[in-house]
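So you can see what is in the structure, the chains are spelled out below.
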Amino acid sequence: MKRRDFVQYAGLGAGALMMPSLLLGNDIPTEALLEPGMDALVKKRMADVALNTAKSLGATYADARIGRYLNQYVFTREDKVQNVVNTESFGIGIRVIANGTWGFASTNSVTEDGIKKATEQAVAIAKANSKIQKEPVKLAPVNSYGEVSWKTPIKKDFKEVPVSEKVDLLLSANAAALDNGANFVNSALFMVNEQKYFASTDGSYIDQDIHRLWPTLRVTAVDKAAGTFKTRENMSAPVGMGYEYLDGLESEKIDGPAGLRLYRNSYDMVEDATIAAKQAREKLTAKSVDAGKYDLVLEPNHLGLTIHESVGHPLELDRVLGYEANYAGTSFASLDKLKSGNFKYGSDIVNLVADKTQVGSLGAVGYDDEGVKAKKWDLVRNGVLTNFQAIRDQAHMIGEEESHGCCYAQSWDDVQFQRMPNVSLEPGKEKYSIAEMIKDVEKGIYIAGRGSYSIDQQRYNFQFGGTVFYEIKNGEIAGMLEDVAYQSNTQEFWNSCVKICDKDDYRLFGTFFDGKGQPSQVSAVSHGSSTARFNDVNVINTGRNI
């Protein structure tokens, strides 16, 4: 599949442009998705070829990652199927330390000869790089796990669900939107299975089977007389689950304000499309917001993006250290702020955690791409900055004794490096619902769903929009608003957090294609939260004429 076609079908804009063609892989027939792939015993023998070759050439450390990456994408528009894409990518990446320096090479020739050649290249690269290396690589210790395996806990494997059933779901959602006032509708399913085998000279042989799924929907309503249009995006989240996420279980639905339906661990795509069409049409005549200060009530599918940009990225240690400055910027959250032990990132009720173990999340794995067991750790506790995100060769830089287990490569052909884990806002401890939160607000705006955003190179000053907006007056929803965006800076914003709903409202937001690095790689990551209130935030009118 050509990248241009992918961007067009997916409607992902600039984000999809960062996705390399290798991630899409080679086109295969649908039935090939069900083929078993290389046996684990064979993978172990092939990995040992790499490890033994590296040691014989003087490497002090080596790891090998054998990966089979399966993707299925289904794209529709209105009553037509635009494309069905099945791809596979298979190969091995070998990383070594020789003369105190990293070296990496990869090959799609997963044979003894192919692996030996790639390993020789990796060691040669390391030795060449050592001539300009200022300090030797220092790895935090890691346990030797022997032969272990981990699988995403799924109930339905997308590969076993007929394409016809997936098409029927998307076209049914499209039809529901068109029947309820939409003029245009795009829908898609992104389904990924990563079959990853990791081995290292530390003694671990780790076999993992990872699944991710993302149903997406965009509904457009047109006012032909006025020459205007409005869109409403889906209220689903990409998840680390199987096809069961699309069962639309009633028990996983939450009633939001003004007829909005929200979803936890199960998504009803047809229902969401129906509501989306009605809301897109309502947006055509909605009141344009009056700029000013408001208390904001932010729904998790919206707040997740704010967490991603203002917490997840600035607390990546490589960004803090300036390694990402050329491409993605640095971070206002400097090392001295962590070392002070009292930097107020947010208010006292703000607790932000990194978690690679969260069931159903995009970032959930058993072990990262360095063989480190997945874990959970604090980033901000009681509003105070307590840690960053670090991998094996970074941990010593912040006084940590072990890696946080957040090293990842998008494929066997790419070198692994520090990537964002799931970063989430803990729910409030007291029983507190969305309705109760709205009732407590005199002048505010309820915002749900993702929208456009902008944030500076230090992840400090920002602006966020959303999908739907409702005015709150004297504790009640007063009607839909349009042209809403809020502006703040990271520290001011998180210190304005005054209330968080309880765990019954907790839900995940996610990004399927988060870009980082040069050459660019993508990763998938989730951000959980309950609905939260932020007081006295500056809101601008994005529809104003200047």
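**Topic: the overall build of the protein chain**
So, point 1. When you go through the protein chain residue by residue, the secondary structure sums to 12 helices and 28 strands.
So, point 2. The C-alpha atoms of the protein chain give 24 Å as radius of gyration, which agrees with the globular expectation for 546 residues (24 Å, within 12%).
So, point 3. Overall, the protein chain is about 75 × 55 × 45 Å in size when its C-alpha atoms are taken along their principal axes.
So, point 4. Counting only residues that meet the buried cut, the protein chain has 60% of its 546 residues in that class.
So, point 5. About 21,400 Å² of surface is accessible on the protein chain, with carbon and sulfur atoms providing 48% of the total.
So, point 6. In the protein chain, the 61 positive side-chain charges and the 71 negative ones have mean positions that sit 2 Å from each other.

**Some remarks on the confidence of the model for the protein chain**
So, point 1. Summarising the model, the protein chain shows a mean pLDDT of 95, and 95% of its residues fall at 70 or more.
So, point 2. Predicted confidence for residues 12-23 stays below pLDDT 50, and this span has 30 contacts to residues more than four positions away or in other chains.

**Observations regarding the packing of helix H6 (residues 163-179) against helix H7 (residues 269-283)**
So, point 1. Following both chains from N to C, one finds H6 and H7 inclined at 25°, their axes separated by 7 Å at the closest point. Comparing the axis directions of H6 and H7 gives the class roughly parallel. Crossing geometry of H6 relative to H7 is assigned as right-handed. For the pair H6 and H7, contact is made by Leu169, Leu170, Ser172, Ala173, Ala176 and Ala177 and by Met269, Val270, Ala273, Thr274 and Ala277, respectively.
So, point 2. Its residues placed into classes, the contact of H6 with H7 shows nine nonpolar, two polar and no charged.

**Some points on the layout of surface pockets**
So, point 1. Volume-wise, the second largest pocket comes out at about 1,000 Å³.
So, point 2. Around the second largest pocket, the lining comprises 35 residues; the ones closest to its centre are Trp102, Tyr323, Asp393, Gln394 and Phe417.
So, point 3. Residue assignment for the lining of the second largest pocket shows that the elements contributing at least two residues are strand S4 (101-107), helix H5 (112-129) and strand S17 (417-418).
So, point 4. Residue contributions to the lining of the second largest pocket peak at four residues, all from S4.

**So, the nonpolar core**
In a soluble, globular protein the nonpolar side chains are often hidden away together inside.
So, point 1. With 51 residues, the main nonpolar core has Tyr345, Ile445, Tyr486 and Trp494 as its most contacted residues.
So, point 2. Among all residues touching Trp494, those that are not within four sequence positions of it are Leu303, Ile307, Ser310, Val311, Tyr345, Gly346, Ser347, Val350, Leu352, Leu425 and Phe534.
So, point 3. By size, the runner-up hydrophobic cluster in this structure holds 49 residues, among which are Tyr243, Leu284, Val297 and Met480.

**A short note on the side chain of Ser424**
So, point 1. Relative to the helices and strands, Ser424 is located in strand S18 (residues 423-425).
So, point 2. For Ser424, a relative accessible area of 3% corresponds to the buried category.
So, point 3. A distance of 3.4 Å separates polar atoms of two side chains, one belonging to Ser424 and the other to Tyr506.
So, point 4. A polar side-chain atom of Ser424 sits 2.7 Å from the main-chain amide nitrogen of Gly528.
So, point 5. Those residues in contact with Ser424, other than ones at most four positions away along the chain, are Asn351, Leu352, Val353, Gln358, Tyr506, His527 and Gly528.

**Some words on empty space enclosed by the protein**
So, point 1. The full count for this structure, using the stated rule, is four cavities of 30 Å³ or more.
So, point 2. Counted as a void, the largest cavity has a volume near 150 Å³.
So, point 3. Around the largest cavity, the lining comprises 18 residues; the ones closest to its centre are Lys356, Gly363, Val365, Tyr408 and Ala524.
So, point 4. Of all the secondary-structure elements, those providing two or more residues to the lining of the largest cavity are strand S6 (184-200), strand S7 (204-223), strand S16 (407-408) and strand S27 (521-529).

**Comments concerning the environment of Asp378**
So, point 1. One can find Asp378 in strand S14 (residues 376-381).
So, point 2. Among the residues examined, Asp378 registers a relative accessible area of 30% and is labelled partly exposed.
So, point 3. The spacing of Asp378 and Ala354 is 24 residues in sequence and 6.2 Å in space, taken between C-alpha atoms.
So, point 4. The contact partners of Asp378, leaving out residues within four places of it in the chain, are Leu352, Val353, Thr386 and Asn387.
So, point 5. Engagement of the side chain of Asp378 in a polar contact is seen with the side chain of Arg381, the distance being 2.9 Å.

**Quick word on the packing of aromatic side chains**
So, point 1. Under the definition given, this model contains 25 aromatic pairs.
So, point 2. Both rings, one in Tyr73 and one in Phe75, keep their centres 6.3 Å apart while their planes meet at 50°; by these two values the pair is tilted. The same class applies to Tyr73 as to Phe75, namely buried.
So, point 3. With a centroid separation of 5.6 Å and an interplanar angle of 40°, the aromatic rings of Phe332 and Tyr345 are classed as tilted. Residue Phe332 is located in the loop between helix H9 (317-320) and helix H10 (335-340), and its partner Tyr345 is located in the loop between H10 and strand S13 (352-355); the two are separated by 13 residues in the primary sequence. There is no split in this pair, since Phe332 and Tyr345 are both buried.
So, point 4. Among the aromatic residues, those joined into a cluster by ring pairs are Tyr453, Phe462, Phe464, Tyr486, Phe493, Trp494 and Phe534.
So, point 5. Of note, Lys443 hangs over the ring of Tyr294, and the distance from its end group to the ring centre comes to 4.7 Å.
So, point 6. A cation over a ring is seen here: Lys499 above Tyr432, with NZ or CZ 4.9 Å from the ring centre.

**Focus: helix H8 (residues 300-312)**
Because each turn of an α-helix spans 3.6 residues, side chains separated by three or four positions in sequence point in the same direction.
So, point 1. When the terminal C-alpha atoms of H8 are compared, their 15 Å separation across 13 residues is substantially less than the 18 Å that a helix rising 1.5 Å per residue should span.
So, point 2. Counting buried positions along H8 yields 13 of 13 residues, so the element is predominantly enclosed.
So, point 3. Measuring from the side-chain oxygen of the N-cap residue of H8 to the backbone nitrogen of Asn301 gives 3.0 Å; that N-cap residue is Glu299.

**Describing helix H4 (residues 40-56)**
So, point 1. Taking 1.5 Å of rise per residue, 17 residues should cover 24 Å, and H4 covers 24 Å from first to last C-alpha, within 8% of that figure.
So, point 2. Buried positions along H4 lie against strand S2 (61-77), strand S3 (80-98), H5, S6 and S7.
So, point 3. At the N-terminal boundary of H4, the capping side chain belongs to Asp39, with an oxygen 2.9 Å from the backbone nitrogen of Leu41.
So, point 4. Immediately beyond the C-terminal end of H4, within one or two residues, lies Gly58, with a positive phi of roughly 100°.

**Comments concerning the pattern of salt bridges**
So, point 1. Taken as a whole, this structure holds 40 salt bridges when the rule is applied.
So, point 2. The residue Lys287 makes a salt bridge to Asp290 at a minimum N-O spacing of 3.8 Å.
So, point 3. Look at Lys287 and you get partly exposed, because its relative accessible area is 37%.
So, point 4. By relative accessible area, which is 45% here, Asp290 ends up partly exposed.
So, point 5. The partner of Arg381 in a salt bridge is Glu426, and the shortest N-O contact between them spans 3.0 Å. Taken together, the positions of Arg381 in strand S14 and Glu426 in the loop between S18 and helix H11 (434-439) put the pair 45 residues apart, joining distant regions of the chain.
So, point 6. Overall, Arg381 belongs to the partly exposed group, its relative accessible area being 24%.

Definitions and cut-offs
- Residues numbered from 1 in each chain as written.
- Predicted model: local features only at pLDDT ≥ 70, side-chain atom pairs only at ≥ 80, totals over all residues.
- Heavy atoms only, no water.
- Helix = DSSP H or I, 4+ residues; strand = E, 2+ residues; numbered from the N terminus.
- Rg over C-alpha atoms; globule rule 2.2 N^0.38 Å.
- Buried < 20%, exposed > 50% of the residue type's maximum accessible area, 1.4 Å probe, protein only.
- Areas by Shrake-Rupley, 256 points an atom, 1.4 Å probe, with all protein chains shown as cover.
- Lys, Arg positive; Asp, Glu negative; His and termini not counted.
- Charge placed at Lys NZ, Arg CZ, Asp CG, Glu CD.
- pLDDT = per-residue confidence, 0-100.
- Contact = heavy atoms within 4.5 Å.
- Axes fitted to C-alpha atoms, helices over the stretch in contact; angles between N-to-C directions.
- Parallel < 35°, antiparallel > 145°, perpendicular 65-115°, else oblique.
- Left-handed = near helix turned anticlockwise from the far one by under 90°.
- Nonpolar A, V, L, I, M, F, W, Y, C, P; charged D, E, K, R; others polar.
- 1 Å grid on protein atoms, 1.4 Å probe; cavity = no way out; pocket = protein on both sides within 12 Å on 5 of 7 lines; lining within 4 Å.
- Points joined across faces, edges and corners; volume = space filled by probe spheres on them.
- Core = buried A, V, L, I, M, F, W, Y, C linked by side-chain atoms within 4.5 Å.
- Polar contact = N/O pair within 3.5 Å; in protein donor to acceptor, adjacent residues only side chain to side chain.
- Phe/Tyr/Trp six-rings, centres within 6.5 Å; stacked < 30°, edge-to-face > 60°.
- Lys NZ or Arg CZ within 6 Å of the ring centre and 35° of its normal.
- Expected span 1.5 Å × (residues − 1).
- Salt bridge = Lys/Arg side-chain N within 4 Å of Asp/Glu carboxyl O.

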